[in-house]
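Summary of the model geometry
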Amino acid sequence: MERTPPADHLPEELPVLALREFVVFPYMVLPLFVARAQSIAAVEECFEGDRLILLVAQRNPDSVDPDPDDLHRIGTVAMVMRKLKMPDGRLKVLVQGLGKARIESVIDHGACTRVRVSPFVSAEENGEEWTVEGEALTRAVRARVEELLPLKNLPPEVLSITTNVQSPGRLADLVASNLRLRLDEAQEVLEIQDALARLRKVDSLLKRELEAVATRADFHRPAPASDAASAEHRETFLREQLRAIQSELGEVDPRADELDDYRLKVEEANLPETTREEAVRQLRRLERMHPDGPEAQVVRNYLDWVVDLPWDRCSVDRLGLEEARAILDRDHAHLSIVKDRILEFLGVRKLRQDSRGPILCFAGPPGVGKTSLGRSIARAMGREFVRVSLGGVRDEAEIRGHRRTYVGALPGRIIQGIKQAGTSNPVMMLDEIDKLGADFRGDPSAALLEVLDPEQNREFSDHFLNTPFDLSRVLFIATANMLEPIPAPLRDRMEVIRLAGYTPEEKAEIATHFLIPRQIEEHGMDVAHVTWTKSAVQSLCSEYTYEAGVRNLERQVAAICRKVARRRAEGELSEVVINARTLDKYLGPPPYRQDNASKQSEVGLVNGLAWTEGGGEVLSLEANLSHGRGLVLTGQLGDVMKESGQAALSYVRSILPEIGLSDRDFARQQIHVHVPAGATPKDGPSAGVAIATAIASLATGIAVRADVAMTGEVTLRGRVLPVGGVREKALAALRSGITTIIIPESNVGDLREIPKELKKRIEFIPVSHMREVLDRVLVEPLTWKARKRRPAGAAPSRTGARAPLRADERD
């Protein structure tokens with residue numbers, strides 16, 4: 001029973017949906033994506049009525065807005081069975097072909113095209129009797145379909161359907177809809193009204209397909225495995241033959257240009273052998289895939305990444321050391337350690353071209369120029385600069401890339417940075433490496449072990465590429481505020497260069513030569529419009545900023561420039577002079593006076609020094625006695641700092657008899673040590689000397705000098721051990737107006753990092769024992785009693801409490 005609606009049931013008027021790339025035959029069920037406004041309007045109109053629509057192919061597939069004259073006159077009446085609106089505004093409709101119709105006239109060409117139609121059917125399709133010719137053609141077509149089925153990857157159900165179809169016209173339409181014919185050939189079959197003639201045309205098309213498949217089988221006879229060169233020539237010859245056959249048949253494969261373009265790019269990319277084999281394998285997969293399938297898009301994405309990466313493209317290093325030094329000095333003041341390290345690398349590079357790039361880590365407080373220094377290094381070396389922000393990264397795939405099995409897979413940030421640079425030897429900055437995290441998706445710091453290992457990164461494996469990439473020529477520069485959060489194996493792979501904070505003099509120089517000219521230019525003014533006095537710059541650095549870097553200093557300079565720019569915009573064009581007196585007018589009263597440390601000597605009040613990720617800090621430790629027992633430490637202190645307090649108390653109690661005091665009276669009172677800024681966590685052993693001094697001051701009742709600051713770890717025997725961050729702590733003391741600092745004797749070597757002009761302004765007192773500290777910092781000298789040594793072998797006294805031994809006696 002035919003499903004074509006009878007002529008009297010076919011509506012006289014139907015909306016038209018123009019098809020660009022294919023022809024819909026009767027009895028076909030297929031989905032269509034509708035995007036053009038006129039087509040969407042036609043679907044909406046038919047859905048409001050009987051759901052019938054006329055599907056007509058365009059004469060020119062490239063026409064975006066076809067006129068009625070651009071449409072073929074014969075089309076297929078179809079029923080819209082379902083529609084779905086996509087997020088991008090398109091419609092996805094499911095249509096079923098019912099029968100053919102001819103366009104008699106155009107009724108309307110407004111929002112959608114409406115036409116008057118008439119049925120287009122043959123006498124056979126209206127129920128004529130069986131004929132011998134029709135039966136013969138039907139059997140021949142079925143035989144050819146059965147023969148072609150495994151060769152053309154036709155759907156298996158086609159054979160069963162053709163076996164049950166008796167009508168020649170319906171059989172012709174069914175076979176033609178599965179042959180993937182060109183647009184003009186499919187339209188030609190659709191327009192043949194006579195059923196037998198249409199079946200004869202389909203039979204001739206089947207013969208052509210069988211001949212083409214047989215010819216291709218002859219071309220694909222295997223070549224001898226021993227002759228690889230002849231196999232490659234044979235493949236080229238076969239492709240040329242295929243193009244010739246397609247040209248003879250009038251077939252144009254739209255994918256041929258795309259595949260040829262990929263082959264050309266793969267050849268020109270100069271890929272390593274393993275990468276080239278993988279790219280060729282993926283390209284062959286793409287040839288066998290449906291062009292619109294999701295897997296084909298994944299392969300295209302992979303090939304695009306492979307051919308775009310700079311496998312053998314390198315920047316030429318600028319090996320002139322004087323020129324490189326000039327660029328580094330022009331961009332940054334001071335930072336001589338980093339500049340010397342880069343010039344050393346360039347010197348080695350000049351002598352040996354294949355030397356590996358160093359892996360550096362700039363560690364220092366915020367605002368000292370770590371990130372901008374990386375960009376300056378790239379300019380000095382003549383390389384591309386890529387910044388990879390690692391702060392907050394918790395997924396290992398961000399480093400190694402995603403496997404291509406995932407939707408939207410991409411390479412990791414390292415490979416993305418290489419592609420962005422366009423060369424295989426950029427300067428790559430791994431910013432905020434100490435802010436990496438880890439969760440159930442993996443540990444990015446573990447993935448970086450391969451990236452930053454010179455022995456492994458020559459063959460870095462990204463999950464997306466699935467082929468090694470050479471990172472040994474990349475100059476990696478990591479930045480961090482603190483080294484402690486970085487895992488030890490990762491820290492071991494990097495050459496750590498510490499960048500301490502700037503002195504007030506260095507800040508003034510940076511502001512004068514870098515910050516002020518840059519902010520004046522960014523605010524649309526000329527240097528001649530604003531004059532800064534030396535006293536204004538010094539006051540700005542010492543009284544309006546309190547930081548290790550210069551970031552807040554630049555904000556203050558920008559605030560003044562904004563106010564000056566506003567005055568000029570309002571018409572005041574006179575030159576503006578910024579001096580120490582006018583700073584109050586522009587910025588208000590100074591927020592940082594040099595009075596952070598106590599200026600009056602008091603009992604139990606000590607100036608300690610601490611190191612933080614923002615630089616050094618002066619901590620005014622306060623100690624007090626009250627009723628009770630034991631030691632109380634407050635100020636949000638960590639376990640290490642609390643243990644240092646216990647060690648300090650034990651030492652002080654051990655020396656009380658030596659300075660003529662009773663330990664019993666001291667033991668009956670509670671000692672409370674508080675470190676201000678209680679909201680800020682504090683930890684570390686470097687406050688041990690300061691805590692011991694505060695407790696000793698309480699025990700003796702002697703005040704501590706207010707013009708002295710101290711740092712160092714104390715042991716139970718009173719030895720002073722070395723600590724870190726001496727330079728930052730010295731800068732913090734100077735900012736607070738303290739010019740005398742007690743440091744461990746073992747830290748004397750660290751004073752080489754401190755500028756000479758800073759050493760002239762600060763008196764450093766190296767000590768090795770707490771006795772030296774107490775003799776230096778207490779406003780009144782202590783009287784140390786000499787203790788008698790017990791003869792060798794003598795038993796200790798059984799009467800009274802045994803006095804604690806001095807540190808030198810215990811040794």
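Above: the structure in question.
Quick notes on the rules
- Residues numbered from 1 in each chain as written.
- Predicted model: local features only at pLDDT ≥ 70, side-chain atom pairs only at ≥ 80, totals over all residues.
- Heavy atoms only, no water.
- Helix = DSSP H or I, 4+ residues; strand = E, 2+ residues; numbered from the N terminus.
- Buried < 20%, exposed > 50% of the residue type's maximum accessible area, 1.4 Å probe, protein only.
- Areas by Shrake-Rupley, 256 points an atom, 1.4 Å probe, with all protein chains shown as cover.
- Polar contact = N/O pair within 3.5 Å; in protein donor to acceptor, adjacent residues only side chain to side chain.
- Contact = heavy atoms within 4.5 Å.
- Expected span 1.5 Å × (residues − 1).
- Phe/Tyr/Trp six-rings, centres within 6.5 Å; stacked < 30°, edge-to-face > 60°.
- Lys NZ or Arg CZ within 6 Å of the ring centre and 35° of its normal.
- Pairing = 2+ DSSP bridges.
- Axes fitted to C-alpha atoms, helices over the stretch in contact; angles between N-to-C directions.
- Patch = residues over 30% accessible without salt bridge, like charges linked within 9 Å, V, L, I, M, F, W, Y side chains within 5 Å.
- Salt bridge = Lys/Arg side-chain N within 4 Å of Asp/Glu carboxyl O.
- Lys, Arg positive; Asp, Glu negative; His and termini not counted.
- Charge placed at Lys NZ, Arg CZ, Asp CG, Glu CD.
- Right-handed = clockwise from strand over helix to strand, strands pointing away.
- Arc of directions from axis to C-beta.
- Parallel < 35°, antiparallel > 145°, perpendicular 65-115°, else oblique.
- Left-handed = near helix turned anticlockwise from the far one by under 90°.
- Nonpolar A, V, L, I, M, F, W, Y, C, P; charged D, E, K, R; others polar.

Observations regarding the overall build of the chain
Each helix and strand counted, the chain has 28 helices and 24 strands in total. Here the chain holds 811 residues, and 47% of them are scored as buried. Accessible surface computed for the chain: about 40300 Å², of which carbon and sulfur atoms make up 50%.

Observations concerning the side chain of Gln58
Along the chain, the position of Gln58 falls in the loop between strand 3 (52-57) and strand 4 (74-85). Separated by 2.9 Å, the side chain of Gln58 and the backbone oxygen of Asn60 make a polar contact. In this structure the side chain of Gln58 is engaged in a polar contact, spanning 3.1 Å, whose partner is the backbone oxygen of Ser63. Setting aside anything within four residues of it in sequence, one finds Gln58 in contact with Ala18, Leu19, Arg20, Arg36, Ser63, Pro66, Asp70, Leu71, His72 and Leu183.

A word on helix 10 (residues 294-308)
The end-to-end C-alpha distance of helix 10 is 21 Å, a good match for the 21 Å that 15 residues give at a rise of 1.5 Å each. The complete set of buried residues in helix 10 reads Ala296, Val299, Arg300, Tyr302, Leu303, Trp305, Val306 and Val307.

Some thoughts on the packing of aromatic side chains
This model, assessed by the stated rule, comprises two aromatic pairs. Ring centres of Tyr302 and Phe464 lie 6.0 Å apart, and the angle between their planes is 50 degrees; on these two criteria the pair is classed as tilted. Here Tyr302 is found in helix 10, whereas its partner Phe464 is found in the loop between strand 10 (460-461) and strand 11 (468-469), with 162 residues between them in sequence. Phe464 matches Tyr302 in its accessibility class, with the two residues each being buried. When the ring of Trp311 is compared with that of Phe469, the centres are 4.9 Å apart and the planes differ by 55 degrees; the resulting orientation is tilted. In this pair, Trp311 is assigned in the loop between helix 10 and helix 11 (321-331) and Phe469 in strand 11, connecting sequence segments 158 residues apart. Of the residues examined, Phe469 reaches a relative accessible area of 3% and is grouped as buried. Lying over the aromatic face of Phe47, Arg51 brings its terminal NZ or CZ to 4.1 Å of the ring centre. Above the face of the Trp305 ring, Lys419 is positioned so that its terminal group lies 3.9 Å from the ring centre.

Overview of the sheet that holds strand 7 (residues 359-363)
In sheet architecture, strand pairing relies on hydrogen bonds along the backbone and comes in two forms, parallel and antiparallel. Reading across the sheet, the five strands line up as 8-9-12-7-13 and stay open at both edges, with parallel pairing between neighbours. The open sheet has two free edges, formed respectively by strand 8 (385-389) and strand 13 (495-498), since each of these has just one partner strand. On average, each strand axis in the sheet is tilted by 20 degrees relative to the strand beside it, whichever way the strands run. Two elements, strand 7 and strand 13, share four bridges in a ladder whose sense is parallel. Note on strand 13: the bridge partner recorded for Phe362 is Ile497. Packing of helix 12 (residues 336-351) onto the sheet brings it into contact with strand 7 and strand 13, and relative to strand 13 it is tilted by some 145 degrees. Contacts from helix 13 (residues 370-381) reach strand 7, strand 8, strand 9 (427-431) and strand 12 (475-480), with the element oriented near 175 degrees to strand 9.

Let's talk about a positive patch on the surface
On the surface, Arg752, Lys756, Lys759 and Lys760 cluster together to form a positively charged patch. Position of Lys756 among the secondary structure elements: in helix 26 (residues 756-761).

Some remarks on the environment of Glu506
Tracing the backbone through its elements, the reader meets Glu506 in helix 18 (residues 504-522). Expressed as a C-alpha distance, the spacing of Glu506 and Cys541, which sit 35 residues apart in the sequence, is 9.5 Å.

Some thoughts on the environment of Val338
Along the chain, Val338 falls in helix 12. Given the relative accessible area of 1%, Val338 is considered buried. Not counting the four nearest positions on each side in its chain, Val338 is found in contact with Phe362, Leu373, Ile377, Ile497 and Leu499.

A look at a nonpolar patch on the surface
The grouping of Val29, Met79 and Met81 at the surface amounts to a nonpolar patch, some 240 Å² of accessible area in total. Checked against the element boundaries, Val29 lands in strand 2 (residues 29-34).

Comments concerning the pattern of salt bridges
Considering all chains together, one arrives at 46 salt bridges under this definition. Close ionic contact of Glu45 with Arg114 constitutes a salt bridge, the shortest N to O distance being 2.1 Å. Remark: Arg114 occurs in strand 6 (residues 113-119) and Glu45 occurs in helix 1 (residues 37-48); sequence separation between them is 69 residues. By relative accessible area, Arg114 is classed as buried at 19%. The salt bridge involving Arg276 is made with Glu267; its shortest N-O contact spans 2.8 Å. Via salt bridges that share partners, Arg182, Asp184, Glu185, Arg208 and Glu209 belong to a single interconnected network.

Observations concerning unusual backbone geometry
Residue Asn466 is not a glycine yet carries a positive backbone phi of 60 degrees. With a relative accessible area of 48%, Asn466 lands in the partly exposed category.

Some words on the environment of Arg568
Topologically, Arg568 is positioned in helix 20 (residues 551-569). Through-space distance from the C-alpha of Arg568 to that of Met525 is 9.0 Å; in sequence the pair is 43 residues apart. In this structure, Arg568 is in contact with Met525, His529, Leu573 and Ser574, ignoring residues within four places of it in sequence.

Some words on the side chain of Thr275
Inspection of the secondary structure assignment puts Thr275 in helix 9 (residues 273-288). Within the structure, Thr275 has its side chain in polar contact with the side chain of Thr467 (distance 2.8 Å). If sequence neighbours within four positions are ignored, Thr275 has contacts with Val306, Trp311, Thr467 and Pro468.

A word on the pairing of strand 24 (residues 763-767)
Bridge count for strand 23 (residues 740-744) against strand 24 is five bridges, and the pairing is parallel. Following the sheet pairing, Ile741 is matched in strand 24 by Phe764. Handedness of the strand 23-helix 26-strand 24 crossover: right-handed.

Considering helix 9
With 16 residues, helix 9 ought to run about 22 Å at 1.5 Å a step, and its terminal C-alpha atoms sit 23 Å apart, in line with that. For helix 9, the full list of buried residues reads Thr275, Glu278, Ala279, Gln282, Leu283 and Leu286. Mapping the buried residues of helix 9 onto a view down its axis gives an arc of 140 degrees, with all of them on the same face.

Examining the pairing of strand 18 (residues 631-634)
Alternating residues of strand 18 divide into Leu631 and Leu633, all buried, and Val632 and Thr634, none buried. Bridge count between strand 18 and strand 19 (residues 669-674): four bridges; the pairing is parallel. Within strand 19, the residue paired with Leu631 across the bridge is Ile671.

Some details on the packing of helix 12 against helix 13
The N-to-C vectors of helix 12 and helix 13 enclose an angle of 30 degrees; their axes lie 11 Å apart at closest approach. One way to sum up the angle between helix 12 and helix 13 is to call them roughly parallel. The element helix 12 and its partner helix 13 pack so that their crossing is right-handed. Where helix 12 abuts helix 13, its residues Val338, Ile342, Phe345 and Leu346 lie against Leu373, Ile377 and Met381. For the contact of helix 12 with helix 13, a count of residues per class yields seven nonpolar, no polar and no charged.

Re the packing of helix 3 (residues 157-164) against helix 4 (residues 168-178)
At their nearest, the axes of helix 3 and helix 4 sit 10 Å apart, and the two run at 170 degrees to each other. In terms of orientation, helix 3 lies roughly antiparallel with respect to helix 4. The residues of helix 4 that touch helix 3, namely those facing Val158, Ile161 and Thr162, are Leu171, Leu174, Val175 and Asn178. For the contact of helix 3 with helix 4, a count of residues per class yields five nonpolar, two polar and no charged.

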